[in-house]
Amino acid sequence: MADQSTNDALKRSVSENWEANAATWTKLVRAGYDTYRDALHTPAFLEMLPDIKGLNGLDVGCGEGANTRALARAGAKMTGIDIAPTFVHHASEYEENEPLGIRYLTADALHLPFDDAQFDFASAFMSMMDMPQQGDVLKEIFRILKPQGFFQFTILHPCFVTPFRKNIRDENGKVTAVMVADYFENIDGSLETWLFSSVSQTEREQHKPFNIPRFHRTLSEWIGMINAAGFILEASVEPMASEELAAQEEVVADTRVTPIAWIVRLRKP
């Protein structure tokens with residue numbers, strides 16, 4: 001287990017790197033470059049979601065707010081938090097222009113600024129795998145949920161998006177297999193540097209790549225952290241693109257070989 005000074009350094013790295021990523025990330029996702037999110041993962045998340053109309057929800061790691069807005073449009077009264085002030089600024093600016101009743105705050109998921117049992121549900125879209133001390137984050141989310149409340153989150157699939165991953169393609173460029181390695185390597189804050197694969201070369205020359213701290217854990221470790229926090233694992237989905245979607249959006253075709261994401265719904269007893 002990391003000592004406190006190491007944990008503090010990891011939190012600073014996460015905060016500083018996501019703040020540095022935030023402006024470019026917002027521009028590119030709003031331009032439609034996050035194809036996995038828009039075409040596959042968010043629709044699958046929303047399809048799995050219970051009825052949230054009239055419920056009080058917290059979106060953890062909300063980024064520029066796209067998914068928070070989707071939850072608000074589904075009828076929830078939403079609060080969104082993010083560790084990067086620039087994300088919160090862009091999300092709040094969107095809310096001012098197109099109000100949905102969402103409140104956005106800059107906050108750390110390890111120390112949520114809310115009372116116990118305040119929310120009916122919480123969500124996290126592709127943010128938990130980028131946080132240090134995920135077990136403590138789960139306990140903190142458990143704390144702010146009401147009894148029988150739920151937490152639904154998406155992460156990169158622990159089994160198929162390991163520290164090493166490579167798509168294997170045939171002579172026509174079609175993904176036929178995925179090579180993974182280093183599954184048991186617990187990485188704490190190692191930086192991955194990339195831009196969305198659909199970004200054009202011209203755009204790539206205009207933007208610095210993202211530096212994203214990763215905190216890989218095995219599937220067994222995730223289940224252990226879920227149990228230790230007190231949650232019951234209620235449902236899970238591994239989204240796969242349909243043949244039609246894979247033909248329309250080639251970038252997501254590899255999810256017909258192995259999933260990229262794991263969507264989980266947890267229940268507080």
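Scroll up for the structure.
Report follows, based on the coordinates. (Residues numbered from 1 in each chain as written. Predicted model: local features only at pLDDT ≥ 70, side-chain atom pairs only at ≥ 80, totals over all residues. Heavy atoms only, no water.)

Most often, soluble globular proteins keep nonpolar side chains buried together rather than apart. Counting residues in each nonpolar core, the largest one holds 34 residues, and the members touching the most others are Leu58, Met128, Leu138, Ile141, Phe151, Phe153 and Phe231. Of all elements in the fold, only β1 (56-60), β4 (119-125), α5 (134-144), β5 (145-156), α7 (219-229) and β11 (261-267) reach the threshold of two or more residues within this core. Discounting chain neighbours no more than four positions away, the residues touching Leu58 are Met78, Thr79, Ile81, Leu112, Phe114, Phe119, Phe121, Ala122, Ser123 and Ile144. Ala44, Met48, Leu49 and Phe121 belong to the second largest nonpolar core, which has 19 residues in total. (Core = buried A, V, L, I, M, F, W, Y, C linked by side-chain atoms within 4.5 Å. Buried < 20%, exposed > 50% of the residue type's maximum accessible area, 1.4 Å probe, protein only. Helix = DSSP H or I, 4+ residues; strand = E, 2+ residues; numbered from the N terminus. Contact = heavy atoms within 4.5 Å.)

Pairing in this open sheet of seven strands is mixed, and the strands run β3-β2-β1-β4-β5-β11-β10 from one edge to the other. In the strand order of this sheet, the two ends are held by β3 (103-106) and β10 (232-237), each with one partner. On average, each strand axis in the sheet is tilted by 20° relative to the strand beside it, whichever way the strands run. With four bridges connecting them, strand β2 (residues 77-82) and β3 associate as parallel partners. Residue Asp82 lies in a different strand from β3, and its bridge partner there is Thr106. Across the sheet, helix α2 (residues 35-48) is in contact with β4, β5, β10 and β11; its angle to β11 comes to roughly 25°. (Pairing = 2+ DSSP bridges. Axes fitted to C-alpha atoms, helices over the stretch in contact; angles between N-to-C directions.)

This next bit is on α7. Burial in α7 covers these residues: Trp222, Met225, Ile226 and Ala229. Down the axis, α7 shows its buried residues gathered within 100° of arc, on one side only. Looking at α7, the residues exposed on the side facing more than 90 degrees away from the buried face are Ser220 and Ala228. In the core, the buried residues of α7 are packed alongside α5, β5, β10 and β11. Positive backbone phi, at 105°, marks Gly230, one or two positions downstream of α7. (Arc of directions from axis to C-beta.)

Across the seven residues of β11, seven count as buried, placing the element largely inside the fold. Sheet topology places β5 next to β11; seven bridges connect them, and they run antiparallel. Bridged to Ile155 within β11 is Trp262. Taken together, the five bridges between β10 and β11 define a ladder with antiparallel strand orientation. The residue of β11 that forms the bridge with Leu233 is Leu266.

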